[in-house]
Amino acid sequence: MDARLPAHLEVSGLLRAVEAAGGFATVLARGERDAGTILVVCCENGRNARLFERMPHPDGDRQWTLVKAQEADNPKDFSAYLDRRRRQDSDSWIIELDIADGERFIGLRSEKD
């Protein structure tokens, strides 16, 4: 039995948590309501974007994993990557969390810890 929270509820919770903490959060792409993959972009003041996705690990668990980081000298590459991912999987959600240490909202410790 899969105890996974429906995607739209998880997305809503993340958005509300970030906003309650004083940050900005938005849906960049809306995915399949219940089972869509969730991609999370963490940034601060629109810079230093990092893309996280839950990936399967050898122990069978699915853990948030950094899959792409924005390069300072080529920021358009990050946007192009998001566009490609969206075209590859139209059921996926892409949300942006613009707040310091955004990784904490998906259960990851920031590099500052």
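It should be noted that the structure appears before, not after, this text.
The structure displayed is predicted, hence computed values, not measured ones.

Undergrad: For this particular structure, what's the right way to read the nonpolar core?
TA: One broad trend across soluble globular proteins is that nonpolar side chains are buried collectively. The biggest cluster of nonpolar side chains holds 17 residues, and the ones touching the most others in it are Ile38, Val40, Ile95 and Leu97. Mapped by element, the contributors of at least two residues to this core are helix H1 (7–20), strand S2 (38–44) and strand S5 (93–98). In terms of residue count, the dominant contributor to this core is H1 (five residues). Not counting residues up to four positions away in its chain, the partners in contact with Ile95 are Val11, Leu14, Leu15, Thr26, Val27, Leu28, Ile38, Leu39, Val40 and Val41. The next biggest cluster of nonpolar side chains, apart from the first, holds 10 residues, and it includes Leu39, Val41, Leu51 and Phe78.

Undergrad: Would you mind showing me how to read H1 here?
TA: Because each turn of an α-helix spans 3.6 residues, side chains separated by three or four positions end up pointing in the same direction. Taking 1.5 Å per residue as the helical rise, H1 with its 14 residues ought to reach 20 Å, and the 20 Å between its terminal C-alpha atoms agrees with that figure. Turning to H1, its buried residues number three or more, namely Ala7, His8, Glu10, Val11, Leu14, Leu15 and Val18. Axial view of H1: buried residues confined to an arc of 165 degrees, hence all on one face. Seen from the open side of H1, the exposed residues pointing more than 90 degrees away from its buried face are Arg16 and Ala20. Buried residues in H1 make contact with strand S1 (24–29), S2, strand S3 (47–56), strand S4 (62–69) and S5. Two residues or fewer after H1 comes Gly22, characterised by a positive phi angle close to 95 degrees.

The rules we used
Residues numbered from 1 in each chain as written. Predicted model: local features only at pLDDT ≥ 70, side-chain atom pairs only at ≥ 80, totals over all residues. Heavy atoms only, no water. Core = buried A, V, L, I, M, F, W, Y, C linked by side-chain atoms within 4.5 Å. Buried < 20%, exposed > 50% of the residue type's maximum accessible area, 1.4 Å probe, protein only. Helix = DSSP H or I, 4+ residues; strand = E, 2+ residues; numbered from the N terminus. Contact = heavy atoms within 4.5 Å. Expected span 1.5 Å × (residues − 1). Arc of directions from axis to C-beta.

These values are about where atoms sit, not about what they do.
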